[in-house]
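Fold and geometry: a report
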Amino acid sequence: MNRLIRELPVFAFALRAGGLLLPLGVLLIIWSTALGELMPADLLAFVSDRAGSRDILLLDVGRRHALNLTHHPADEASFSWSPDGQRIVFAADRDGQSRLHITSLNGRQVVTLRDTPPAFDPVWSPAGDAIVFRSSRPDGRDTLYTIRPNGSGLRQLTQSDGWDSFASWSPD
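Below: a short report on this structure. All values derive from a computational prediction rather than experimental measurement. (Residues numbered from 1 in each chain as written. Predicted model: local features only at pLDDT ≥ 70, side-chain atom pairs only at ≥ 80, totals over all residues. Heavy atoms only, no water.)

What about the overall build of the chain?
The number of helices and strands found in the chain is 0 helices and 14 strands. For the chain, the residues scored as buried account for 44% of the 172 residues in total. Long-range pairs, those at least 24 residues apart, make up 36% of the contacts in the chain between residues at least 6 apart in sequence. Per element, the accessible surface of the chain, about 9300 Å² overall, is 52% carbon and sulfur. (Helix = DSSP H or I, 4+ residues; strand = E, 2+ residues; numbered from the N terminus. Buried < 20%, exposed > 50% of the residue type's maximum accessible area, 1.4 Å probe, protein only. Contact = heavy atoms within 4.5 Å. Areas by Shrake-Rupley, 256 points an atom, 1.4 Å probe, with all protein chains shown as cover.)

This is how it looks when you write it as structure tokens:
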């Protein structure tokens, strides 16, 4: 049985096709404990603070049902869809360091990639074989890294005197 929750502030949302992030303002959502059978193109992921911390929610646009994927006291604010639409990678500080986490679309299977420097702003590669992310160095500058979704193959991409951030993969 569904129930109307309330208007909630939304920091950003991302359309599955292209991972476009846009400010949204306020969104009205109907909450359900289960999404049922969905086509991935009907899903919208977004960040909301309705539970007191920023969580990633998954909205079935057609039926206006939402599921909190990350329900955790830590803030989750940056995320990216896997190219096959079956997983979402996000950054969150759940144990004293911001790490990458990969969740299934039901939120029940979360894998934490532990052997990385502090991780922010993950973006899945179009082929699904790598994730690029930003890490803050001790000197305050940011560096870009890649890692495989299974946690192997950590590779530093940049090392400069500047601030390296906001990575985006070429579609091909």
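Having seen the model, we can carry on.
Observations concerning the nonpolar core
If you look at the biggest cluster of nonpolar residues, it comprises 13 residues, and the most contacted ones within it are A45, I56, L58, F79, W81 and I88. The set of elements that each furnish at least two residues to this core consists of β4 (43-48), β5 (55-60), β7 (76-81) and β8 (87-93). Among the nonpolar cores identified, the runner-up in size contains 11 residues, and I102, W124, I131 and I147 belong to it. (Core = buried A, V, L, I, M, F, W, Y, C linked by side-chain atoms within 4.5 Å.)

Looking at the sheet that holds strand β14 (residues 155-156)
Strand order in the open sheet made by the 4 strands is β11-β12-β13-β14, with antiparallel pairing throughout. Of all strands in the sheet, those with a lone pairing partner are β11 (120-124) and β14, marking the two edges. Where strand β12 (residues 131-136) lies against strand β13 (residues 142-147), 6 bridges are found, and the strand directions are antiparallel. When the bridges of β13 are listed, S136 appears paired with D142. (Pairing = 2+ DSSP bridges.)

Section: the pattern of salt bridges
Where side chains of opposite charge bring their charged atoms close, a pairing between them can arise. With the rule as written, the count across this model stands at 7 salt bridges. Two residues, D95 and R99, come together in a salt bridge whose shortest N-O distance is 2.9 Å. D121 serves as the salt-bridge partner of R134, at 2.8 Å between the closest nitrogen and oxygen. Placement of the pair is R134 in strand β12 and D121 in strand β11, with a sequence separation of 13 residues. Judged by relative accessible area, R134 falls into the buried class, the value being 14%. In this structure D121 comes out as partly exposed when scored by relative accessible area, which is 27%. (Salt bridge = Lys/Arg side-chain N within 4 Å of Asp/Glu carboxyl O.)

As for the sheet that holds β8
What the 4 strands build is an open sheet, ordered β7-β8-β9-β10; its pairing is antiparallel. Two strands bound the open sheet, and with one partner strand each, they are β7 and β10 (110-113). Pairs of neighbouring strands in the sheet enclose a mean axial angle of 25°, with direction left out of account. Here 7 bridges tie β8 to strand β9 (residues 98-104), and the two strands are oriented antiparallel to one another. The residue of β9 that forms the bridge with D93 is S98. (Axes fitted to C-alpha atoms, helices over the stretch in contact; angles between N-to-C directions.)

Things to note about the side chain of T103
For T103, the position within the fold is in strand β9. Ignoring any residue separated from it by four or fewer positions in sequence, one finds T103 in contact with L69, Q86, R87, I88, F90, Q109 and V110.

Quick word on the packing of aromatic side chains
Two numbers describe a pair of aromatic rings. These are the distance of the centres and the angle of the planes. On inspection of all chains with the given rule, the structure shows 2 aromatic pairs. Ring geometry for F133 and Y145: centres 5.6 Å apart, planes at 15°, overall stacked. A residue pair is termed long-range when its members are at least 10 positions apart, and F133 in strand β12 and Y145 in strand β13 qualify at 12 residues. The same class applies to F133 as to Y145, namely buried. (Phe/Tyr/Trp six-rings, centres within 6.5 Å; stacked < 30°, edge-to-face > 60°.)

Focus on the side chain of S48
With respect to the helices and strands, the residue S48 is situated in strand β4. On the accessibility criterion, S48 (1% relative accessible area) is buried. At a separation of 3.2 Å, a polar atom in the side chain of S48 contacts the main-chain amide nitrogen of R50. (Polar contact = N/O pair within 3.5 Å; in protein donor to acceptor, adjacent residues only side chain to side chain.)

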